[in-house]
Amino acid sequence: MNLQTTLNEVASEVRSLLGKGSVANYIPALAIADPTKFAMAIATVQGDVFCVGDCDELFSIQSISKVFALTQAFKILDSDLWRRVDRENAGSEFNSLLALELSAGIPRNPLSNAGAIVTTDVILTERGKETKASLLEFFRVRSGNMSIDFNEEIAQLESEHGRRTKALAYLIASFKNLENHPQTVSMLYFYQCAMEASCVDLARSLLFLANKGVCPISQEHVISASQAKRINSILLTCGHYDVSGDFAFRVGLPGKSCVSGAIAALVPGKMAIAAWSPALNKDGVSLVASAALEIFATKTGLSVF
Ligand code: GLU
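Residues numbered from 1 in each chain as written. Predicted model: local features only at pLDDT ≥ 70, side-chain atom pairs only at ≥ 80, totals over all residues. Heavy atoms only, no water.

A. View of the packing of helix 6 (residues 131-143) against helix 9 (residues 182-193). At a minimum axis separation of 10 Å, helix 6 and helix 9 run at an interaxial angle of 25°. Taken as axis vectors, helix 6 and helix 9 run roughly parallel relative to one another. Crossing geometry of helix 6 relative to helix 9 is assigned as right-handed. Counted together, Thr131, Lys132 and Leu135 of helix 6 and Leu188, Tyr191 and Gln192 of helix 9 form the full contact between these two elements. (Axes fitted to C-alpha atoms, helices over the stretch in contact; angles between N-to-C directions. Helix = DSSP H or I, 4+ residues; strand = E, 2+ residues; numbered from the N terminus. Parallel < 35°, antiparallel > 145°, perpendicular 65-115°, else oblique. Left-handed = near helix turned anticlockwise from the far one by under 90°. Contact = heavy atoms within 4.5 Å.)

B. Region of the structure containing the packing of aromatic side chains. Inspection of every chain in the model, using the stated rule, returns 7 aromatic pairs. Their ring planes at 35° and their centres at 4.9 Å tell us that Phe68 and Phe139 sit as a pair that is tilted. Taken as a pair, Phe68 in helix 3 (residues 65-77) and Phe139 in helix 6 lie far apart in primary sequence, 71 residues in all. Judged by relative accessible area, Phe68 falls into the buried class, the value being 2%. In this structure Phe139 comes out as buried when scored by relative accessible area, which is 0%. With a centroid separation of 5.2 Å and an interplanar angle of 75°, the aromatic rings of Phe150 and Tyr191 are classed as edge-to-face. With Phe150 in strand 4 (residues 149-150) and Tyr191 in helix 9, this residue pair connects regions lying 41 residues apart in the sequence. Each of the two residues, Phe150 as well as Tyr191, counts as buried. Across from the ring centre of Tyr191, 3.9 Å away, lies the NZ or CZ of Lys132, which sits over that ring. Sitting above the plane of the Phe138 ring, Arg142 keeps its charged end 4.9 Å from the centroid. (Phe/Tyr/Trp six-rings, centres within 6.5 Å; stacked < 30°, edge-to-face > 60°. Buried < 20%, exposed > 50% of the residue type's maximum accessible area, 1.4 Å probe, protein only. Lys NZ or Arg CZ within 6 Å of the ring centre and 35° of its normal.)

C. Here's a closer look at the pattern of salt bridges. The final tally for this structure, using the stated rule, is 10 salt bridges. The partner of Asp121 in a salt bridge is Arg84, with the nearest N and O atoms 2.7 Å apart. Note that Asp121 is positioned in helix 5 (residues 113-127) and Arg84 in the loop between helix 3 and helix 4 (97-102), a separation of 37 residues in sequence. Like Arg84, Asp121 is buried. One continuous salt-bridge network, built from bridges that share partners, spans Glu9, Glu13 and Lys299. (Salt bridge = Lys/Arg side-chain N within 4 Å of Asp/Glu carboxyl O.)

D. Region of the structure containing unusual backbone geometry. For Asp78, which is not glycine, the phi dihedral falls at a positive 50°. Along the chain, Asp78 turns up in the loop between helix 3 and helix 4. Positive phi, close to 65°, is recorded for Gln219, a residue that is not glycine. By the secondary structure assignment, Gln219 is in the loop between helix 11 (207-210) and helix 12 (225-238).

E. Expanded view of the sheet that holds strand 1 (residues 39-44). Spatially, 2-1-8-7-6 is the arrangement adopted by the 5 strands of the open sheet, whose pairing is antiparallel. At either margin of the open sheet sits one strand with a lone partner, and together these are strand 2 (49-53) and strand 6 (255-257). If you compare each strand with its neighbour and ignore which way they point, the axes differ by 10° on average. One ladder, built from 3 bridges, connects strand 6 with strand 7 (residues 262-267); its direction is antiparallel. Following the sheet pairing, Lys256 is matched in strand 7 by Ala264. Helix 1 (residues 3-14) rests against strand 1, strand 2 and strand 8 (271-276) of the sheet, and its axis sits at about 20° to strand 2. (Pairing = 2+ DSSP bridges.)

F. Examining the pairing of strand 2 more closely. The pairing of strand 1 with strand 2 spans 5 bridges and is antiparallel. Across the sheet, residue Ala41 finds its bridge partner in strand 2, namely Cys51.

G. Local environment of the sheet that holds strand 5 (residues 195-197). Across the sheet, 3 strands lie side by side as 3-5-4; this open sheet has antiparallel pairing. With one partner strand each, in any of the chains shown, strand 3 (59-60) and strand 4 form the two edges of the open sheet. Relative to strand 5, strand 3 runs antiparallel, the two being bridged by 2 bridges. Directly across from Phe59, in strand 5, lies its bridge partner Ala197. Against the sheet, helix 9 touches strand 3, strand 4 and strand 5, its axis set at about 10° to strand 5.

This is how it looks when you write it as structure tokens:
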């Protein structure tokens, strides 16, 4: 299979969809994104990289950062993490306060905003003042790109507009499922959302999940093979808000969507894929990136099923 040829074909097949859907508009930095942009990159566990489209463009990785926070918290607490966060599909809005109230402060899964607040709290307890720098370092080392950085303006805007996320943090704290101050944890969450990268960076950074927990870039054993398997299963069942089932049905790969229009997906044992196009469908998932991944999976037959 020639992956570059396949990517080129995918790019030409999605071209007619560019411009459909609408970009997130809750902060200006996302609202000004050009909906006609598209990029897709593949990083293989052998070290090859293929890309098509606007592969040098940087975007904030938003909710995809929850995968890194989950990885680090899981490494710290191992199975004790599941006392503090569940692993069931939310079946409700990704930032629902109601769901959290009903579950007595235990977020339904680590890929919801509430779940990311808990995983970030775990990391903060372990690392204290080093936390913010270490979150960035994790992404940099995984991708092999030490110039990845926070977008300070986006972090501040996320915080300004993230009232509901802050409310979730306070509600979790009210159930005594937070060890640090809700404001501090929320701010660290907003900073993670504001890490900026390209599709190539994103694909490379997630390779450890396709490689039984070993980062092929740094050769580090990031997590165990069993932990990688569990994270992939959570990505499959919970990675796309309350339309995770639809993504699994159409694409058949573990993955994570985010509000800036990026989607990352894993083919275990083989590769990590990132696709990006800013305009979202009605469910908040990138319209073109999800179509691109569906076409890619269909053309190549790559799927976990
Ligand atoms: N910064 C966004 C939020 O917390 C991330 C959401 C997303 O990418 O889904 O609401």
